[in-house]
Amino acid sequence: MMEGTEVPTAVPTAVPALATEPRFAQRLRQCLEQERLLDGRYGLQRVPGGRVAVPVLPEKLSQLCLPAEVPCELLGIQDPVPSRAARRLSPAQRLREELRRLLGAGWSGELERDVPHAWQRHGDLVLLSEDSFRAEPWERLGSVLWETVAKALGARRVARRGRVMPDGMRSPRVTLLLGQHGYTFDVTKCMFSPGNITEKLRVASLPCSGEVLVDLYAGIGYFTLPFLVHARAAFVHACEWNSHAVEALHRSLVLNGVRDRCHIHSGDSRQLQLCDVADRVNLGLIPSSEEGWPVACRVLKKDTGGVLHIHHNVETRPVPATPQSAVLLAEQGSPEAASPGGEAQHPAQHGGEEPLGARLRPEWQSWAEGTATRIQGLLAELHGRPWRSSVLHIEPVKSYAPHVHHLVLDLECRPVLPV
């Protein structure tokens, strides 16, 4: 390529690069860097013919003007190798770099505040928060924006969520921005809560071998599956009234090879026609699963009882921050720092609150004891004889809102045998 030669702007869909002999590669790279034409996302890499390719910014191709003593040829690299600097970037940083490059002179601090620091990932789909990319300049970019987001975050599909609708099914307001719906569940029609991951892991470790379980609010199966696959429950009765979630649950059971150990009861769990079958009942509904308590008592085995896992949102009085809690929060860092994938993996803490699970709060204990007393009364009334209920464990799942915590109570319920 001679000095002053105009470079065509029509290049292959791959990353444009200049290929030269190895002895000229570093000189070419330095020239491009000085002229701010080097695409820093990618490193040098060998191409057929024993040559070395140096990546060029696509939007700068028309500005190329190189010394005659550096012979090179324009080509496209299909699978470019990330540079060392790019490999050191977190996904959130990489996203911002891509967006800066996309907007060029239009980039501003106001737009940067619109870019998310964390997101949820469901397979090849990235689910953005409802306040992401709401400024008017983003909207003008259309599909180019979502393609850039997907590329930066290593996804094929991009969606943005809204607030959960108060329709009983907790249907999400989710808009799919790029790609098609997945084969396991449709994020625009089925509720999914990644904040429950700690409870899913705990459920997976419970000793359920040989037990029959009733999951009163099964959803797409994010508790049903751990009980079956990892906790080795003998059988699960899964109750769900969202038809889209039922379809997704069925597919997930088949994919995991446990469809024969689960019966799906499609419809309102309050109308469930089961009794005296369960060793364990899961009531995974928030803000309260109270409407399911009579059903849970009815499906427990009347002669041996069992364990109830009761989910509930409990309000807690603000706790003054201590130096120790401030240090702990600082060590936890931001969501993107906590996860190499750049996704919020841990429940967020709200200002003025201790780290979740730092201690058993009085409000938690009071709620657990009150719930135990009410369940004991329901069982005694149902069976016409006394029962005993014991608090086995109180598990803080996540901070749901300022000073409101999503808890799970493990409650053991046994009939009092005559002496």
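Residues numbered from 1 in each chain as written. Predicted model: local features only at pLDDT ≥ 70, side-chain atom pairs only at ≥ 80, totals over all residues. Heavy atoms only, no water.

(A) Layout of the overall build of the protein. The helix and strand tally for the protein stands at 13 helices and 15 strands. Counting only residues that meet the buried cut, the protein has 46% of its 419 residues in that class. Sequence separation of 24 or more characterises 68% of the internal contacts of the protein that already satisfy a separation of 6 or more. Accessible area of the protein: about 21,000 Å², with a carbon and sulfur share of 53%. (Helix = DSSP H or I, 4+ residues; strand = E, 2+ residues; numbered from the N terminus. Buried < 20%, exposed > 50% of the residue type's maximum accessible area, 1.4 Å probe, protein only. Contact = heavy atoms within 4.5 Å. Areas by Shrake-Rupley, 256 points an atom, 1.4 Å probe, with all protein chains shown as cover.)

(B) Here's a closer look at helix α1 (residues 22–34). When the terminal C-alpha atoms of α1 are compared, their 19 Å separation across 13 residues agrees well with the 18 Å that a helix rising 1.5 Å per residue should span. Where α1 is concerned, the buried positions are F24, A25, L28, C31 and L32. When α1 is viewed along its axis, its buried side chains cluster within an angular range of 135 degrees and face the same direction. Along α1, exposed side chains directed more than 90 degrees from the buried face belong to R23 and Q34. Of the surrounding elements, those touching the buried residues of α1 are β1 (15–20) and β3 (51–55). (Expected span 1.5 Å × (residues − 1). Arc of directions from axis to C-beta.)

(C) Spatial organisation of the sheet that holds β3. Pairing in this open sheet of 4 strands is antiparallel, and the strands run β2-β3-β1-β4 from one edge to the other. The open sheet terminates on both sides in strands that have one partner only, identified here as β2 (45–47) and β4 (73–77). Within this sheet the neighbouring strands show an average axis-to-axis angle of 45 degrees, counted without direction. For β1 and β4, the ladder comprises 5 bridges, and the chain directions are antiparallel. Across the sheet, L18 pairs through a bridge with L74, a residue of β4. In this fold α1 packs onto β1, β2 and β3, with an angle of close to 10 degrees to the strand it touches most, β3. (Pairing = 2+ DSSP bridges. Axes fitted to C-alpha atoms, helices over the stretch in contact; angles between N-to-C directions.)

(D) The nonpolar core, seen in detail. In terms of nonpolar packing, the biggest core is built from 30 residues, with L216, V281, L283, L308, I310 and I375 touching the most fellow members. Put simply, the parts of the chain that give this core at least two residues each are β12 (280–283), α10 (293–299), β13 (306–315), α13 (362–383), β14 (387–401) and β15 (404–415). Sort the elements by how many residues they give to this core and α13 lands first, with 6 residues. Those residues within four positions of L308 in sequence are excluded, and the remaining contacts are V281, L283, A296, L300, I375, L409, D410, L411 and C413. Residues F227, A231, L249 and C262 belong to the second largest nonpolar core, which totals 23 residues. (Core = buried A, V, L, I, M, F, W, Y, C linked by side-chain atoms within 4.5 Å.)

(E) Broad picture of the environment of R298. Within the secondary structure, R298 is located in helix α10. Judged by relative accessible area, which is 26%, R298 ranks as partly exposed. Beyond its immediate stretch of four places on either side in the chain, R298 contacts R270, L272, L274, C275, D276 and L382. Engagement of the side chain of R298 in a polar contact is seen with the backbone oxygen of L272, the distance being 2.9 Å. (Polar contact = N/O pair within 3.5 Å; in protein donor to acceptor, adjacent residues only side chain to side chain.)

(F) Quick peek at unusual backbone geometry. Cis peptide bonds are those with omega within 30 degrees of zero, and the linkage from I286 to P287 qualifies with 15 degrees. Relative to the helices and strands, P287 resides in the loop between β12 and α10. Although it is not a glycine, R232 adopts a positive phi angle of roughly 65 degrees. Relative to the assigned elements, R232 resides in the loop between α8 (224–229) and β10 (235–240). In this structure, H403 takes a positive phi of about 65 degrees despite not being glycine.

(G) Broad picture of the pattern of salt bridges. The tally for this structure, following the rule as stated, stands at 16 salt bridges. With its nearest N and O atoms 3.3 Å apart, the salt bridge here joins R29 to E33. Of the two residues, R29 and E33 both sit in helix α1, 4 residues apart, roughly one turn of that helix. Residue E412 is joined to R414 by a salt bridge in which the shortest nitrogen-to-oxygen separation is 3.0 Å. What makes R414 partly exposed here is its relative accessible area of 25%. Where salt bridges share partners, they join R96, E97, R100 and E112 into one cluster. (Salt bridge = Lys/Arg side-chain N within 4 Å of Asp/Glu carboxyl O.)

(H) Seen up close, the confidence of the model for the protein. Mean pLDDT for the protein: 79, with 79% of residues reaching 70 or above. A low-confidence stretch, residues 323–355 stays under pLDDT 50, and its non-local contacts, those more than four residues away or across chains, total 53 contacts. (pLDDT = per-residue confidence, 0-100.)

(I) Quick peek at the packing of helix α3 (residues 91–103) against helix α6 (residues 143–153). It is the contact of α3 with α6, at a shortest axis distance of 9 Å, that shows an interaxial angle of 145 degrees. As for the relative orientation of α3 and α6, their crossing is right-handed in sense. For the pair α3 and α6, contact is made by P91, R94, L95, E98, L99 and L102 and by V144, L145, T148, V149, K151, A152 and L153, respectively. (Left-handed = near helix turned anticlockwise from the far one by under 90°.)

(J) Focus on the sheet that holds β10. Strand order across the open sheet formed by 7 strands is β11-β10-β9-β12-β13-β15-β14, with mixed pairing between neighbours. At either end of the open sheet lies a strand with only one pairing partner, and these are β11 (262–266) and β14. Within the sheet, the average angular offset between the axes of one strand and its neighbour, ignoring direction, is 20 degrees. Relative to β13, β12 is paired through 4 bridges, and the arrangement is parallel. Within the sheet, the bridge partner assigned to R280 lies in β13 and is V307. Contacting β10 and β11, helix α9 (residues 243–255) crosses the sheet at an angle of about 175 degrees to β11.

(K) Highlighting the packing of aromatic side chains. If you walk through the whole model with that rule in mind, you get 4 aromatic pairs. Judged by centre distance (6.3 Å) and plane angle (75 degrees), the ring pair of W107 and W138 falls under edge-to-face. Taken as a pair, W107 in the loop between α3 and α4 (109–112) and W138 in helix α5 (residues 136–141) lie far apart in primary sequence, 31 residues in all. Looking at W107, the relative accessible area reads 18%, which means it is buried. W138 sits in the buried class, given a relative accessible area of 1%. Their ring planes at 85 degrees and their centres at 5.7 Å tell us that F133 and W146 sit as a pair that is edge-to-face. Placement of the pair is F133 in the loop between β6 (125–128) and α5 and W146 in helix α6, with a sequence separation of 13 residues. W146 gets classed as buried once you look at its relative accessible area, which sits at 9%. Taken together, W107, F133, W138 and W146 form an aromatic cluster joined through their ring pairs. (Phe/Tyr/Trp six-rings, centres within 6.5 Å; stacked < 30°, edge-to-face > 60°.)

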